[in-house]
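# A look at the structure
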Amino acid sequence: FEILMLNGPNLNMLGKREPEIYGAQTLDEIVALLTTQANEQAIKLSHLQSNAEHLLIEAIHQAYQKVDFIIINPTAFTHTSVAIRDALLSVAIPFIEVHLSNVHAREEFRHHSYFSDIAKGVICGLGTEGYSFALQSAHTWLKKNKS
Ligand code: DQA
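This one's a predicted model, so the numbers in the text were calculated from it and none came from an experiment. The numbers attached to residues start from 1 for each chain and follow its sequence in the written order. This being a predicted model, a pLDDT of at least 70 is required before a residue's local features are given, and a value of 80 or more before pairs of side-chain atoms are given or counted; all residues contribute to the totals for chains, interfaces and linings.

## Here's the deal with the environment of Thr 128
- The way it works is that DSSP assigns letters per residue, a run of H or I at least four long becomes a helix, a run of E at least two long becomes a strand, and they are numbered from the N terminus. For Thr 128, the location among the structural elements is in the loop between β5 (121–124) and α5 (129–145).
- Sequence spacing of Thr 128 and Glu 29 is 99 residues, and the spatial spacing of their C-alpha atoms is 9.6 Å.
- Throughout, a pair of residues is in contact if the C-beta atoms placed from their backbones lie within 7 Å. Residues in contact with Thr 128, not counting those within four places in the same chain, are Gly 23, Gln 25, Ile 30 and Leu 100.

Structure (structure tokens):
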């Protein structure tokens, strides 16, 4: 199976950025952890972090008919981007939405997501472990539905 992990704006600052909210782990550490987990299950994991909306959209387009599952933390685009939502709908690749923080316990503007109603599932508030749960769940789903 091929799984694509996408991370939106400001996650390159992980570890430095508001650690009381987002934790001390860096994005490189999270990607390394997930890669190990993926290798153990013979999953090919690719990853892109971008601060640019169009690069995330292009990565989704390129995944068309290649990638089996997407794990995405759209970060601030969660609350703004009809364009990324439409890109995910256009390729029809199942995805899980992940947030490090519990967006529902934060500002009102973080309570709405343009992704949750079209996601297979949503994980938030569990920190970096959320990505790991998402990968595990994606694998279970793929084994059941795509093999
Ligand atoms: C986030 C939550 C978003 O509201 C915020 O804009 C982020 C990160 C999270 O992982 O908790 O940048 O997606």
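## A look at the nonpolar core
- Core membership is restricted to buried Ala, Val, Leu, Ile, Met, Phe, Trp, Tyr and Cys residues, and these are joined into a nonpolar core through C-beta atoms within 7 Å. Buried, partly exposed and exposed are defined by the number of other C-beta atoms within 10 Å of a residue's own C-beta, namely 20 or more, between the two limits, and 12 or fewer respectively, with C-beta atoms placed from the backbone. Counting 31 residues, the largest nonpolar core has Ile 3, Ile 70, Ile 71, Phe 95, Ala 134 and Leu 135 as its most contacted members.
- At the level of secondary structure, the elements contributing two or more residues to this core comprise β1 (2–7), α2 (27–40), α3 (53–62), β3 (69–73), α4 (82–91), β4 (95–99), β5 and α5.
- Beyond its immediate sequence surroundings of up to four residues, Leu 135 is in contact with Ile 3, Leu 34, Gln 37, Ala 38 and Ile 71.

## Section: the packing of α3 against α4
- Axis lines are fitted to C-alpha atoms, over the contacting stretch for helices. Their N-to-C directions set the angle, which ranges from 0 to 180 degrees. The interhelical angle for the contact between α3 and α4, taken along N-to-C directions, is 5°, at an axis separation of 9 Å. Regarding the angle of α3 to α4, the classification is roughly parallel. Contacts from Glu 53, Leu 56, Ile 57, Ile 60 and His 61 of α3 reach α4 at Ala 83, Ile 84, Ala 87, Leu 88 and Val 91.
- Gly is put with the polar residues, along with every residue not named as nonpolar or charged; the nonpolar set is Ala, Val, Leu, Ile, Met, Phe, Trp, Tyr, Cys and Pro, and the charged set is Asp, Glu, Lys and Arg. Residue composition of the contact of α3 with α4, by class: 8 nonpolar, 1 polar and 1 charged. Roughly parallel means an angle under 35 degrees; roughly antiparallel means over 145; roughly perpendicular covers 65 to 115; every other angle is labelled oblique.

## Remarks on the confidence of the model for the protein chain
- Averaged over every residue, the pLDDT of the protein chain is 97; residues scoring 70 or more account for 100%.
- Note on scores: pLDDT gives the predictor's confidence for each residue, bounded by 0 and 100. Taken element by element, the predicted model of the protein chain shows its lowest mean pLDDT in helix α1 (residues 19–22) (91) and its highest in β3 (99).
- Reported confidences for the modelled complex are a pTM of 0.97 and an ipTM of 0.99.

## Points about α4
- For α4, the set of buried residues is Ile 84, Ala 87 and Leu 88. Down the axis of α4, the buried side of the element spans an arc of 95°, and every buried residue falls inside it. Facing away from the buried side of α4 by over 90 degrees, the exposed positions are Val 82, Leu 89 and Ser 90.
- Elements that come into contact with the buried residues of α4 comprise α3 and β4.
- One or two steps after α4, the chain reaches Ala 92, where phi turns positive at roughly 55°. Directions drawn from the helix axis to the C-beta atoms are what define this arc.

## Remarks on the site of the ligand
- Being near a molecule or strand means, for a residue, that its C-beta atom, positioned from the backbone, comes within 6 Å of it. In the region of the ligand, the neighbouring residues are Asn 10, Asn 73, Thr 75, Ala 76, Thr 78, His 99, Leu 100, Ser 101, Val 103 and Arg 110.
- By residue class, the composition of the shell around the ligand is 3 nonpolar, 6 polar and 1 charged.

## Section: the sheet that holds β5
- A pair of strands is labelled paired if DSSP reports no fewer than 2 bridges between them. Strand order in the open sheet formed by 5 strands is β2-β1-β3-β4-β5, and the pairing between neighbours is parallel. Both outer strands of the open sheet, β2 (44–49) and β5, are each paired with one neighbouring strand and no more. Taking each pair of neighbouring strands and ignoring which way they run, the sheet shows an average axis angle of 15°.
- Here β1 pairs with β3 via 5 bridges, running parallel. Looking at the pairing, Leu 4 lines up with Ile 70 of β3.

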